[in-house]
Amino acid sequence: MQTKSYRQYIFRAVALGSMLYALTLIADTARASTLLMSATEHACHQIPLDNSR
C-alpha cells in the first residue's frame, strides 16, 4: 500500500475548500439575483410606464 505524502493531503484540502467556496458563491449569487429580481418587479409596478399627458 502506498503512503500518501502530506502534500497530497494539503492539495486535496485546498481543492475541497475551493469547491465549497465556489458552491457558496454560486448560491449567494443566485439568492441575490432572485431578491434583486423581486425588488425590480415591485419597483416596475410602482412606476407608470405611460408618461404622456
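Now for a quick tour of the structure. (Residues numbered from 1 in each chain as written. Predicted model: local features only at pLDDT ≥ 70, side-chain atom pairs only at ≥ 80, totals over all residues. Heavy atoms only, no water.)

## A few points about the overall build of the protein
Looking only at helices and strands, the protein features 1 helix and 0 strands. Buried residues in the protein amount to 0% of all 53 residues. Surface exposure of the protein reaches about 5,400 Å², of which carbon and sulfur atoms provide 67%. (Helix = DSSP H or I, 4+ residues; strand = E, 2+ residues; numbered from the N terminus. Buried < 20%, exposed > 50% of the residue type's maximum accessible area, 1.4 Å probe, protein only. Areas by Shrake-Rupley, 256 points an atom, 1.4 Å probe, with all protein chains shown as cover.)

## Quick notes on a nonpolar patch on the surface
Among the surface-exposed residues, Y6, I10, F11 and V14 lie close enough to one another that they form a single nonpolar patch of about 470 Å² accessible area. Position of V14 relative to the elements: it lies in helix α1 (residues 6–46). (Patch = residues over 30% accessible without salt bridge, like charges linked within 9 Å, V, L, I, M, F, W, Y side chains within 5 Å. Salt bridge = Lys/Arg side-chain N within 4 Å of Asp/Glu carboxyl O.)

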